[in-house]
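These are the residues of each chain, in order.
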There are 2 protein chains.
Amino acid sequence: MKQKIIHITGIITLGVLLTLCVPHQSEESSPNVILTSQGVSDIRNELGKLPLLDKSYDRWVKVLEDDMALGVNVPVPKDPAGGYTHNRHKQNYISMYGAGLLWQLSGDEKYAIFVKDMLLEYADMYPSLGAHPVEKSYARGKLFWQQLNEAVWLVYTSQAYDCIKSYLSEEDRKKIEADLLIPYANLLSVESTYVFNRIHNHAVWAAAGVGMAGYAMDNEEMVHRALFGIETEEHKDKPKGYYAQLDLLFSPDGYYTEGPYYQRYALLPYVLFAQAIENNNPAYKIFEYRGQILRKATLVTLQMTNTDGKFMPFNDALKDMSFRAPELINAVNIVYNEFPESKQLLSVAKAQGRVALTQAGLRVAKDLNNGEAQPFQWLSMELNDGADGKQGAVGILRADANKDAACVVMKYAQHGMGHGHFDRLGIMMYDNGNEILSDYGAARYVNVEYKHGGRYLPENKTWAKHTVAHNTVVMDKTTQFNGDYKTADKVSGEKWFFNIENEHISIMSAKENNAYGSAQAQRTVAVIKDKDLFEFPLVVDVFKIDDDKKHTYDLPFYYKGKLLYTNADYTNFTTQRGTMGDDFGYQHLWKEGQGKASTDNFQTVWFNEGRFYTMTTEAQADDEIFYTRIGANDPEFSLRNETGLLFRRSNQSSTCFASALEVHGNKNFDTELVENQVGIVKGVKTLLNNKAYTIVEIQTVKNSSIVLAISNSTNAPSEEHNMNIADKQYTWKGPYKLFKK
Amino acid sequence: MKQKIIHITGIITLGVLLTLCVPHQSEESSPNVILTSQGVSDIRNELGKLPLLDKSYDRWVKVLEDDMALGVNVPVPKDPAGGYTHNRHKQNYISMYGAGLLWQLSGDEKYAIFVKDMLLEYADMYPSLGAHPVEKSYARGKLFWQQLNEAVWLVYTSQAYDCIKSYLSEEDRKKIEADLLIPYANLLSVESTYVFNRIHNHAVWAAAGVGMAGYAMDNEEMVHRALFGIETEEHKDKPKGYYAQLDLLFSPDGYYTEGPYYQRYALLPYVLFAQAIENNNPAYKIFEYRGQILRKATLVTLQMTNTDGKFMPFNDALKDMSFRAPELINAVNIVYNEFPESKQLLSVAKAQGRVALTQAGLRVAKDLNNGEAQPFQWLSMELNDGADGKQGAVGILRADANKDAACVVMKYAQHGMGHGHFDRLGIMMYDNGNEILSDYGAARYVNVEYKHGGRYLPENKTWAKHTVAHNTVVMDKTTQFNGDYKTADKVSGEKWFFNIENEHISIMSAKENNAYGSAQAQRTVAVIKDKDLFEFPLVVDVFKIDDDKKHTYDLPFYYKGKLLYTNADYTNFTTQRGTMGDDFGYQHLWKEGQGKASTDNFQTVWFNEGRFYTMTTEAQADDEIFYTRIGANDPEFSLRNETGLLFRRSNQSSTCFASALEVHGNKNFDTELVENQVGIVKGVKTLLNNKAYTIVEIQTVKNSSIVLAISNSTNAPSEEHNMNIADKQYTWKGPYKLFKK
């Protein structure tokens, strides 16, 4: 495919000349932003040999075939998100970007002409544009109603320009730079310093756009602006620009506080700009910056998934989104290219089904084709939050790397800004590849016009964000922080201990001292492996909360599957149903049943995709259990009508909810045979619960039991503990201990 | 693997001698029932070469390893279904059967000893046994509470005996035959002539057991008894025995009236006994009998599945059951072996994941290994019901053979005996591999102890069987036939026309003149392909019902997916919910919402796995729509809480419900992009509805429309029809016509 280099400017007749008409390539010249001239020549060499590369290439050909058929359309901006001009300008940057790539890779001049004509039309129009007529954003653009979209346009268009730059006449280049790209980048930066200098994911897009445009135009000052922000009186000595964004928006572990659904999106400008920096200023060693923060952030995003690749739905998250999202293709390609020892990334790239048409994408396609992929390994890990890593964390315990293995996640991190939920100490659980204890995620149908135009639904605020929508304690039927996100955003949960060293038990414990007023909460979750007793790992959950005053404590569990059995003495409201309450999300819960414990424990069995789940929760005399279903006060039938259990303990100051969730048995759908449908956990009993210790016993029908001892007042690994309970001596060192009786 | 043949009787020490110890083989000797001596030698030759064969073999080794570790246990019968002795005797026949196979194929004597010891223990015990102590069946066995299980035991045990017969001493053979097999077969036949001579699937098991035992013991009389039944005064001149069962239990198309879930099970004794007949009396040409009825019955069972292999859940059916069921392994193997041109069967065998250790299974494994499998082709077909083929039918329309294509099924067959549902003219729809309009199937959790011991739930009678649980009209809120199954069982639906010849329209029409008292009903369902107008095939549904008196007509649709939009003026009962009624299944429906039409049509949009479904139903002024959810009056939370729409038309004598169900658009979960979410059907209008004709127009937003004309009083293909409606002439020949305007 490597062809003689002939540089032809101007429009020529398509025909026999076509194959001769290839872009000018020289080592120091364009393209140089993301795709490089070396990359072009390497990719050309491999086209036709690597299935994933070819598929990705063909996809762009199809995209351009469809869009170029409509001609060049550069309408005067008018519409809000979702409207014609909005969508058209979005499609334009995608098509210009794709056409730029195809011009470089195919040498078919129609692509260069398409980009050139469109850029010239933009350059004609841009100088006359005022602010976008839709006045809904704190930072309006010109093409779009908000500068976020405006910046994304520049990220793609700067690459398109870079790809056809050598094709353009000097005059056209000048016009496009002077009338379009420079003023466009200025609007996003020097004319919007407040926005540009923020430490916020929108500003990362702006930095990337401005910086990449700078590289495309060989404008060093513009790159500098992107890397370091703009010095103003107001922002003097404050962190700003891309380096500051790398420093402050990720935790040292690479966690982004809005959670994985948004981290997927936030990563893209980071990695694209980093690639541009690496290509043009390799001495900056940008991928080594802050302990390889971009590698960490990418891997962490991938780790925060269930084994089907779907993201853990913290905060505002759409539950179908997975690491197959196209936004992650560049991240996976680029990070793999820099750290090719991470062979697991190839498995993710394979699942993504295409690669970027860049040198990084080429390497992925090549190494995949060489059979170098290794299975992605989902691991247990604690992901600290906050730029300093001291603002709590997200803890992930996985029974093992098996796809079917149990996984429990707890959030004791920061709130997550405007997209955060009031879910401190909330847990989710997966097993056998399925959600078992579920988080609702966001109430939204993205891009579905029927549902409020695809925007967040009203129920996102009235239901999904509230504490009762999560698997965590609600005090006095009131959302954590009284539902005030600004207060919540200032303080985080607190790591207590996280230990995955012991082969028989993985355990995490965290505290929450702000969400419940003066009350102090601590949750400890353990995944216990004891093959003598349990077919699958056992999950033990201990939620302790203390205050001077008496409260009502509710602990909901949104279980996924079909309820089979409960041992409670309950009433099922079989002919008339009402709601669980009037506010704080309770108004969205139907009360399907209500009961009292018939023994010392509530026991509930459900079934999900072939396995049985038995939850045993210690009961006090006046405890109540509620059987709930989401969907009340939902006039447009927007919510998913999912089931839950809610345990209520009233009139208590300090208390502890202790539960064991046993996974067991199987049903074979082909034979209809059922094995091991009855679990062996008989009861859960709190032996001790005070400021210093919580000690919980899990009793089995085999007359054996296990005891989990938790130290609440010191988590020092060297601290020794010793006590006698009911004539039995418990002695251990460190924050917790598992005993077997 | 072929080894020197040395016949050793008696127990020998395991060790080096083991490899020499192989069963005696001669051409005319045992085994000869299902596995044959030729089969043994062929399979031995191929072991280690064919993955599916090896896997199937290894599975039996594992089964026996587990069960033989427990020793030989032949307890005195005592327990009902699910109890220890019941399960033990079930496992015993499986283990004896497997051990018999393994003795033949491996020559490892431990297997022969295991079967011998167990048979001798049975022979010791059997003569002293009276009737089983559980008195719940009309036909008690001795080992089991019902003779059905008793017969199944013999089907397997006769094969086990056949496999080790040549290993046994003359004395042991005599004892086993005289004290066990002969009296056992007699109990099922000559001592239970009423049961044995029935035309009923239980009697097929008995015939197969007795016949196969006859072949195993070279007892011709016993085989004759199985083939032709037992002559008694009472059954003289009446059809009885296996041949009569072949004549009368399947329709000429091979449909079994209980529906596919039970057909899967009913087939097994048929095909096993047929194989035994073919092996021992090939001159009978049993597989040619009645136009190859066993081939037809097997293929029909496979056709009555969605593209994931799950059975259409007519009548009492568990919805997870599929053609991967082990009961179908023998059927698929045996029918393929007889008709090896049916290469599609190999795909089913592949999905089943194992083969029988027989010559038939060997052939499947071999041909699969040779790459001979062809994809299974799901087809449109009308399956007539009744031994004479004149008792109505099940109609299946498939848009095409594509796995994702729409499929609509209508039941206008017989009731289905005790397992039947009151669902005349009920439809189901699949699309994109998913249920779209769903049938509830049975209310039962097979083998789940928590749910009434795995038996049918009370809700099976109070909900699942009722008409309102199905997608068909309910008159005056009363179940068809007033819920009397004996009346329903006497009469069937009536085929009107079924046409799949036209590439633009597949259509079926059926009448029901018994289920609604004096009212006469007719339903016509068409799948229309018009690429100019519709992205996917359009389903048109016309339900016409006529009576002299006025009635309330309800038409429910149990849609699967998330409701996105409805154009009705409705009230959503957001804080208090009640039920739809008090009886005939209505007591199990929550009334979530209720509304009136806002235009001439009800339009409802839902979303399922990436596609949109828009149902447009013509509305009259006083029509009501209800939004329902299954699960009221369900004190044990047993039902699945699925959603439905219910259209109600009150105070009408003759009327017609006309709907169009449009499949459109897609959502990409990786990109979140949504395409074509708004359908193009604007309205459905009945242009004419009288005794002679029903003519329905489907209008689109493109100002085009299609018109479906149905002839109600003659279905003659040659009949010409001609009429003028609103100044437009409609002229056609035959029972229906599709016009485009």
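Residues numbered from 1 in each chain as written. Chains lettered and ligands numbered in written order. Predicted model: local features only at pLDDT ≥ 70, side-chain atom pairs only at ≥ 80, totals over all residues. Heavy atoms only, no water.

We now examine the overall build of chain A. Within chain A one finds 17 helices and 28 strands. Taken over C-alpha atoms, the radius of gyration comes to 29 Å for chain A, in line with the 27 Å a tight globule of 741 residues would show. Principal-axis analysis of the C-alpha atoms places the extent of chain A at approximately 90 × 55 × 55 Å. Counting across all 741 residues of chain A, residues that qualify as buried make up 64%. Looking at chain A alone, contacts between residues at least 24 apart form 66% of all its contacts between residues at least 6 apart. (Helix = DSSP H or I, 4+ residues; strand = E, 2+ residues; numbered from the N terminus. Rg over C-alpha atoms; globule rule 2.2 N^0.38 Å. Buried < 20%, exposed > 50% of the residue type's maximum accessible area, 1.4 Å probe, protein only. Contact = heavy atoms within 4.5 Å.)

A word on the packing of aromatic side chains. The full count for this structure, using the stated rule, is 70 aromatic pairs over all chains. Plain terms: the ring middles of Phe497 of chain A and Tyr736 of chain A are 5.6 Å apart, the flat faces sit at 15° to each other, and that makes the pair stacked. Here the residue Phe497 of chain A occupies a position in strand S7 (residues 494–499), and Tyr736 of chain A occupies one in strand S28 (residues 736–740), the gap between them amounting to 239 residues. For Phe497 of chain A, a relative accessible area of 7% corresponds to the buried category. For the pair Trp732 of chain B and Phe739 of chain B, a centre-to-centre distance of 6.1 Å together with 80° between the ring planes defines the contact as edge-to-face. Its relative accessible area of 15% is what places Phe739 of chain B among the buried residues. By way of ring pairs, the aromatic residues Tyr215, Tyr242, Phe250, Tyr256, Tyr270 and Phe273 of chain A are connected into one cluster. Its end group placed over the ring of Tyr440 of chain A, Arg640 of chain A keeps NZ or CZ at 4.0 Å from the ring centre. Here Arg649 of chain B stacks its cationic end above the ring of Phe657 of chain B, 4.5 Å away from the centre of that ring. (Phe/Tyr/Trp six-rings, centres within 6.5 Å; stacked < 30°, edge-to-face > 60°. Lys NZ or Arg CZ within 6 Å of the ring centre and 35° of its normal.)

Under the defined criterion, the tally for this structure stands at 65 salt bridges over all chains. Between Asp423 of chain A and Lys411 of chain A there is a salt bridge, with the nearest N and O atoms lying 2.8 Å from each other. Separated by 12 residues along the polypeptide, Asp423 of chain A in the loop between strand S3 (407–412) and strand S4 (426–431) and Lys411 of chain A in strand S3 bring together distant segments of the chain. Across the pair, exposure class does not vary: Asp423 of chain A and Lys411 of chain A are buried alike. Residues Arg648 of chain B and Asp554 of chain B are paired through a salt bridge, measuring 2.7 Å at the closest nitrogen-oxygen approach. Separated by 94 residues along the polypeptide, Arg648 of chain B in strand S19 (residues 643–652) and Asp554 of chain B in strand S11 (residues 551–557) bring together distant segments of the chain. Exposure remark for Asp554 of chain B: the relative accessible area of 0% places this residue in the buried category. (Salt bridge = Lys/Arg side-chain N within 4 Å of Asp/Glu carboxyl O.)

Moving on to helix H2 (residues 51–68) of chain A. Count 3.6 residues to each turn of an α-helix, and residues three or four apart come out pointing the same way. Residue and element names in this part refer to chain A. The end-to-end C-alpha separation of H2 is 25 Å, in line with the 26 Å expected for 18 residues at 1.5 Å each. Here H2 has its buried residues at Leu52, Leu53, Asp54, Ser56, Tyr57, Trp60, Leu64 and Asp67. Looking at the buried residues of H2, the elements they touch are helix H1 (37–46), helix H3 (84–106), helix H4 (109–125), helix H14 (344–352) and helix H15 (359–369). (Expected span 1.5 Å × (residues − 1).)

The next point concerns the sheet that holds strand S17 (residues 611–618) of chain A. Pairing between the strands of a sheet comes from backbone hydrogen bonds, and it takes one of two forms, parallel or antiparallel. All names here are of chain A. Pairing in this open sheet of eight strands is antiparallel, and the strands run S7-S8-S9-S10-S20-S17-S16-S12 from one edge to the other. Here the strands that pair on one side only, and so sit at the sheet edges, are S7 and strand S12 (562–566). For this sheet the average axis-to-axis angle between neighbouring strands, irrespective of direction, equals 15°. As paired strands, strand S10 (residues 538–546) and strand S20 (residues 655–664) are joined by eight bridges and run antiparallel to one another. Of the residues in S20, the one forming a bridge with Leu538 is Glu662. (Pairing = 2+ DSSP bridges. Axes fitted to C-alpha atoms, helices over the stretch in contact; angles between N-to-C directions.)

Turning our eyes to something else, we now look at the interface of chain A and chain B. In this complex, chain A contributes 55 residues to the contact, which on the side of chain B involves 56 residues. Around 4,600 Å² of area is buried between chain A and chain B when both sides are counted, 54% of it from carbon and sulfur atoms. For the pair chain A and chain B, the number of links is two salt bridges. With a closest N to O distance of 4.0 Å, Asp670 of chain A and Arg324 of chain B form a salt bridge. Counting every contact that joins chain A to chain B gives 29 residue pairs in polar contact (both at pLDDT 80 or more). Of all the secondary-structure elements, those providing two or more residues to the side of chain A that touches chain B are S12, strand S13 (569–572), strand S14 (578–579), strand S15 (589–596) and strand S18 (624–630) of chain A. Ranked by residues supplied to the side of chain A that touches chain B, first place goes to S12 of chain A with four residues. (Buried area = accessible area lost by both parts, 1.4 Å probe. Polar contact = N/O pair within 3.5 Å; in protein donor to acceptor, adjacent residues only side chain to side chain.)

Let us now look at the relation of the copies chain A and chain B. The transform that puts chain A on chain B rotates by 180° and translates by 0.1 Å along the axis, for an RMSD of 0.1 Å. Here the transformation between the copies is reduced to the relation of a two-fold axis. For chain A, the residue whose C-alpha comes nearest the rotation axis is Arg577 of chain A, separated from it by 2.6 Å. (Least-squares fit on C-alpha atoms with pLDDT ≥ 70 in both.)

Okay, the pairing of strand S2 (residues 393–398) of chain B next. All names here are of chain B. Burial analysis of S2 places six of its six residues in the buried class, which makes it a mostly covered element. Two elements, strand S1 (residues 381–384) and S2, share four bridges in a ladder whose sense is antiparallel. Of the residues in S2, the one forming a bridge with Met381 is Ile396.

All right, on to the environment of Gly517 of chain B then. Within the fold, Gly517 of chain B resides in the loop between strand S8 (505–512) and strand S9 (520–528). When its relative accessible area of 54% is taken as the criterion, Gly517 of chain B is described as exposed.

Let's shift gears to the side chain of Ser322 of chain B. Tracing the chain through its elements places Ser322 of chain B in the loop between helix H12 (289–303) and helix H13 (327–338). Residue Ser322 of chain B is classed as buried on the basis of its relative accessible area, which comes to 0%.

Our next topic: the sheet that holds strand S10 (residues 538–546) of chain B. Residues and elements named next belong to chain B. Taken in spatial order, the eight strands make up an open sheet running S7-S8-S9-S10-S20-S17-S16-S12, and their pairing is antiparallel. Single-partner strands in this sheet number two, and they are strand S7 (494–499) and strand S12 (562–566). Within the sheet, the average angular offset between the axes of one strand and its neighbour, ignoring direction, is 15°. Of the strand pairs in this sheet, strand S17 (residues 611–618) and strand S20 (residues 655–664) are connected by six bridges, and their pairing is antiparallel. Within the sheet, the bridge partner assigned to Tyr613 lies in S20 and is Val663.

Bringing the confidence of the model for chain A into the picture now. Residues and elements named next belong to chain A. With 96% of its residues at a pLDDT of 70 or more, chain A shows a mean pLDDT of 95. The model gives residues 1–22 a pLDDT under 50, and that stretch makes 42 contacts with residues more than four places away or in other chains. When the criterion is pLDDT under 50, residues 24–28 qualifies, and its contacts beyond four places in sequence or with other chains add up to 12 contacts. Two summary scores accompany this predicted model of the complex, namely pTM at 0.93 and ipTM at 0.92. (pLDDT = per-residue confidence, 0-100.)

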